[in-house]
Amino acid sequence: WRPELSKEIRWEVIRNGMIAGAIWNAGNVCQIIAQGHFHLSYGISYPILQCALLFGGLWGIYYFREVTHGPTILVFWIG
């Protein structure tokens, strides 16, 4: 913990990050339930869960404008 960073920490950002992590974890739990209770195979349920990365990136780039640097967006699409 660096004291000079304490002024830079915004607690609402930490709160929102924790909420986002809880929602992400709920998605993981739902994947496990879908595999066990509904007998959805791992080959189907895992790619559906990983689509969240794509859609999260799309929302961040094109809706919220979190990334505006062209080469960085190109790296997102190449990856």
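Just so we're clear, the structure is a prediction, and the values are computed from it rather than from any experiment.

About the criteria used
Residues numbered from 1 in each chain as written. Predicted model: local features only at pLDDT ≥ 70, side-chain atom pairs only at ≥ 80, totals over all residues. Heavy atoms only, no water. Salt bridge = Lys/Arg side-chain N within 4 Å of Asp/Glu carboxyl O. Buried < 20%, exposed > 50% of the residue type's maximum accessible area, 1.4 Å probe, protein only. Disulfide = S-S within 2.5 Å. Patch = residues over 30% accessible without salt bridge, like charges linked within 9 Å, V, L, I, M, F, W, Y side chains within 5 Å. Areas by Shrake-Rupley, 256 points an atom, 1.4 Å probe, with all protein chains shown as cover. Helix = DSSP H or I, 4+ residues; strand = E, 2+ residues; numbered from the N terminus.

A. The pattern of salt bridges, seen in detail. Under the criterion given, the structure shown has one salt bridge. When the shortest N-O distance is used, the salt bridge between Glu12 and Arg10 registers 2.9 Å. Here Glu12 falls in the partly exposed class, since its relative accessible area comes to 35%.

B. A look at the state of the cysteines. Under the definition given, this model contains zero disulfides. Of all cysteine sulfurs, the one in Cys51 lies closest to Cys30, which takes part in no disulfide; the gap is 16 Å. The exposure class of Cys51 is partly exposed, given its relative accessible area of 34%.

C. Local environment of a nonpolar patch on the surface. A contiguous nonpolar patch, built from Leu54, Phe55, Trp59, Tyr62, Tyr63, Phe64 and Trp77 and spanning about 840 Å² of accessible area, is present on the exposed surface. Element by element, the count of residues in the nonpolar patch is highest for helix α2 (residues 42-63), at five residues. Mapped onto the elements of the fold, Phe64 is located in the loop between α2 and α3 (70-78).

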